[in-house]
Amino acid sequence: MGLFDDDFYSAKVSGRSLKTPASGSRHNKARWSRGTGRLRRPSMLQTAAVSGAIGAMVAILLFGFITGLPGTTAFTGTSGYKSLSFSSDPYERIIQAAAKVRPAVVSIVNYREGQGAVLADSALGSGVVFRIAGGKAYIMTNNHVVEGSEDLEVVTVDGENKKAELIGRDRVTDIAVLAVDDKHMDTVAEIGDSSRLRLGETVIAIGNPLGLGDTLTSGIISYTNRIIPVSINQDGVYDWEQSVIQTDAAINEGNSGGALVDLNGQVIGINTMKIADTGVEGLGFAIPANEVMTTVYDLMDDGEVNRPYLGVYTVDLENPYAPIDDEQRKELKLPDEVKSGVIVLESHGPAEEAGLKLNDVITALDEKPIKSTLELRRYLYNHKEIGDKMDVTYYRQGKAEKVTVTLTDKPSE
């Protein structure tokens, strides 16, 4: 079956007769066939050949336009007009993009605590070299790739093993930065603009799936800005939302921290996760490069991402996983109109100093309604800074109260 319907291009020639030019015309003389008074008509073979050539050119040009692959290359001839040179391999851009980024993608081995240098018992991941300076190569990866270990090793595309130093990591964005000596490392990945991604754009995933380092897969951008809930504490309760790029490029265990690359050879995302379930195929996710680099710069400067800290440990009033029963709601003495908010279980730092305590139900921050812990954290991180003051509206024993809290930096764990 062709790419286009049969009637997309018709090789039929119009049956309308050609007009005979006026007698004595100097510029419109028709060429007459020998021995007849009629214009010479092209043969069916000539018509078919011309139509076929035009049809092939149209199909190739449209294929290149739709897929973004270089079906043709334009150059200027001696006449000054552009000519077309057809590529023998329409996937050459994938090959070139992969070759450009491959040397900057490394494998990461996280030797588990107490296991020593036993590869079989270690966690595997990937990373991307984004800077080489001062005798060191700096590598970005996922936090969950390096979490739980101080014994990290990087394996280059050439198979060279290097001891890695952890520069910083952030659990919220799931980004970490490592450093190794830069001996025999001279390729830095070019970072692209993830905000310019288009639905259906061809991309490449490069990483270390299942320990098979230097692996390349390809696919398309399935969605440019998917919002998915995540559990920062891995306790099964969603307490953050991550903006991700969705792709159908194969991403498997060990691809985490590797590069998602466009056809210009630019890293536009860091591969982070996939949906692994029966009957599910082609659901992989990457953190957009623009968000990654914001975190990376903070980690390079301070070793951590500094965010405002309220100091409450909470549970949602409307928690689908552990809903409160009628007896518990009765103890809170909430008015019937209060349907959502967050219940304070523990209070520390600024919250404790402001007087918030167990079973207070926070319903608004700066007059903005708060329905869940996720919304509370999102408001803090996206709208407030360390040192800002914030009004907290809450219910205690059925009575609405308000207190002003001064936000601080989170204490070191």
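These numbers come from a predicted model, not from an experiment.

Scoring rules and cut-offs
- Residues numbered from 1 in each chain as written.
- Predicted model: local features only at pLDDT ≥ 70, side-chain atom pairs only at ≥ 80, totals over all residues.
- Heavy atoms only, no water.
- Helix = DSSP H or I, 4+ residues; strand = E, 2+ residues; numbered from the N terminus.
- Contact = heavy atoms within 4.5 Å.
- Buried < 20%, exposed > 50% of the residue type's maximum accessible area, 1.4 Å probe, protein only.
- Pairing = 2+ DSSP bridges.
- Polar contact = N/O pair within 3.5 Å; in protein donor to acceptor, adjacent residues only side chain to side chain.
- Salt bridge = Lys/Arg side-chain N within 4 Å of Asp/Glu carboxyl O.
- Patch = residues over 30% accessible without salt bridge, like charges linked within 9 Å, V, L, I, M, F, W, Y side chains within 5 Å.
- Areas by Shrake-Rupley, 256 points an atom, 1.4 Å probe, with all protein chains shown as cover.
- Lys, Arg positive; Asp, Glu negative; His and termini not counted.
- Charge placed at Lys NZ, Arg CZ, Asp CG, Glu CD.
- Axes fitted to C-alpha atoms, helices over the stretch in contact; angles between N-to-C directions.
- Phe/Tyr/Trp six-rings, centres within 6.5 Å; stacked < 30°, edge-to-face > 60°.
- Lys NZ or Arg CZ within 6 Å of the ring centre and 35° of its normal.
- Arc of directions from axis to C-beta.
- Core = buried A, V, L, I, M, F, W, Y, C linked by side-chain atoms within 4.5 Å.
- pLDDT = per-residue confidence, 0-100.

## Some remarks on the overall build of the protein chain
(1) Moving on: In terms of helices and strands, the protein chain carries seven helices and 23 strands.
(2) Moving on: Pairs at least 24 residues apart make up 58% of the contacts formed inside the protein chain by residues separated by at least 6 positions.

## A word on the pairing of strand E6 (residues 152–155)
(1) Moving on: Side-chain alternation along E6 places Leu152 and Val154 on one buried face and Glu153 and Val155 on a second face that is also buried.
(2) Moving on: Pairing analysis gives four bridges linking strand E3 (residues 105–110) to E6, with the strands arranged antiparallel. Its bridge partner lying in E6, serine 107 is registered against valine 155.
(3) Moving on: The pairing of E6 with strand E7 (residues 161–170) spans four bridges and is classified as antiparallel. Paired with valine 154 across the two strands is lysine 162, which belongs to E7.
(4) Moving on: Between E6 and E7, which pair antiparallel in sequence order, lie five residues; one of them, glycine 159, sits at a positive phi of approximately 90 degrees.

## With respect to unusual backbone geometry
(1) Moving on: Located in the positive-phi region is lysine 333, a residue other than glycine, with phi close to 55 degrees.
(2) Moving on: Structurally, lysine 333 is set in the loop between helix H5 (326–332) and strand E18 (342–347).

## Some remarks on the side chain of lysine 384
(1) Moving on: Topologically, lysine 384 is positioned in the loop between helix H7 (373–383) and strand E21 (389–396).
(2) Moving on: For lysine 384, the side chain forms a polar contact with the main-chain oxygen of lysine 389, separated by 3.1 Å.

## Structural notes on the pattern of salt bridges
(1) Moving on: Under the defined criterion, the tally for this structure stands at 14 salt bridges.
(2) Moving on: Linking aspartate 214 and arginine 102 is a salt bridge whose minimum nitrogen-to-oxygen distance equals 2.7 Å. One end of the pair, aspartate 214, is in the loop between strand E10 (202–207) and strand E11 (215–230); the other, arginine 102, is in the loop between helix H2 (92–101) and E3, and 112 residues separate them in sequence.
(3) Moving on: Here aspartate 214 falls in the partly exposed class, since its relative accessible area comes to 35%.

## Quick look at a negative patch on the surface
(1) Moving on: On the surface, Asp301, Asp302, Glu304 and Asp409 cluster together into a negatively charged patch.
(2) Moving on: One can find aspartate 302 in helix H4 (residues 289–302).

## A look at the sheet that holds strand E5 (residues 136–141)
(1) Moving on: Strand order in the closed barrel formed by six strands is E3-E4-E5-E8-E7-E6, and the pairing between neighbours is antiparallel. Taken pair by pair, the neighbouring strands of this sheet meet at an average axis angle of 40 degrees, ignoring direction.
(2) Moving on: Across the face of the sheet, H4 comes into contact with strand E4 (123–133), E5, E7 and strand E8 (175–181) while running at roughly 55 degrees to E8.

## Let's talk about the packing of aromatic side chains
Any pair of aromatic rings gets described here by the distance separating the centres and the angle formed by the planes.
(1) Moving on: On inspection of all chains with the given rule, the structure shows one aromatic pair.
(2) Moving on: Between tryptophan 240 and tyrosine 381 the ring centres are 5.5 Å apart and the planes differ by 55 degrees, which places this aromatic pair in the tilted class. Taken as a pair, tryptophan 240 in strand E12 (residues 240–247) and tyrosine 381 in helix H7 lie far apart in primary sequence, 141 residues in all.
(3) Moving on: The ring of tyrosine 223 has arginine 226 sitting right over it, with the charged end atom 3.8 Å from the ring centre.
(4) Moving on: The ring of tyrosine 381 is capped by arginine 307, whose NZ or CZ atom sits 5.2 Å from the centre of that ring.

## Details of the environment of glutamate 353
(1) Moving on: Looking at where glutamate 353 falls in the secondary structure, it is placed in helix H6 (residues 349–354).
(2) Moving on: Taking C-alpha positions, glutamate 353 is 9.3 Å from threonine 406, a pair spaced 53 residues apart along the chain.

## Some thoughts on H2
(1) Moving on: Those residues of H2 not exposed but buried are Ile94, Ala97, Ala98 and Val101. Down the axis, H2 shows its buried residues gathered within 100 degrees of arc, on one side only.

## Here we look at a nonpolar patch on the surface
(1) Moving on: Taken together, Tyr313, Leu345 and Leu358 make up a surface patch of nonpolar side chains, about 290 Å² in accessible area.
(2) Moving on: Tracing the chain through its elements places leucine 345 in strand E18.
(3) Moving on: Accessibility expressed as a relative area gives 36% for leucine 345, which makes it partly exposed.

## Details of the nonpolar core
(1) Moving on: By size, the foremost hydrophobic cluster in this structure holds 40 residues, and its most contacted members are Met140, Val154, Leu178, Val267, Val292 and Val296.
(2) Moving on: Discounting chain neighbours no more than four positions away, the residues touching leucine 178 are Ile108, Ala137, Tyr138, Ile139, Thr141, Val146, Leu152, Val154, Ala164, Glu165, Leu166 and Ile167.
(3) Moving on: Of all hydrophobic cores here, the second largest spans 17 residues; its members include Leu310, Ile362, Val392 and Val405.

## Quick notes on the side chain of serine 243
(1) Moving on: With respect to the secondary-structure elements, serine 243 resides in strand E12.
(2) Moving on: For serine 243, a relative accessible area of 13% puts it in the buried group.
(3) Moving on: Separated by 2.4 Å, the side chains of serine 243 and asparagine 225 make a polar contact.
(4) Moving on: With near-sequence residues (within four places) excluded, serine 243 lies in contact with Asn225, Arg226, Ile227, Ile287, Pro288 and Glu291.

## Some remarks on the environment of threonine 363
(1) Moving on: Here threonine 363 lies in strand E19 (residues 361–365).
(2) Moving on: In this structure threonine 363 comes out as buried when scored by relative accessible area, which is 15%.
(3) Moving on: As for threonine 363 and serine 340, which are separated by 23 residues in sequence, their C-alpha atoms are 7.1 Å apart.

## Some words on the environment of alanine 176
(1) Moving on: Within the secondary structure layout, alanine 176 lies in strand E8.
(2) Moving on: Along the chain, alanine 176 and valine 145 lie 31 residues apart, while their C-alpha atoms are 8.4 Å from each other.

## Here's the deal with the confidence of the model for the protein chain
(1) Moving on: Looking at the protein chain as a whole, its pLDDT mean stands at 80, while 73% of the residues score no less than 70.
(2) Moving on: Predicted confidence for residues 1–39 stays below pLDDT 50, and this span has 23 contacts to residues more than four positions away or in other chains.
(3) Moving on: Across residues 69–86, confidence stays below pLDDT 50; counting only partners more than four residues off in sequence or on other chains, it has 30 contacts.

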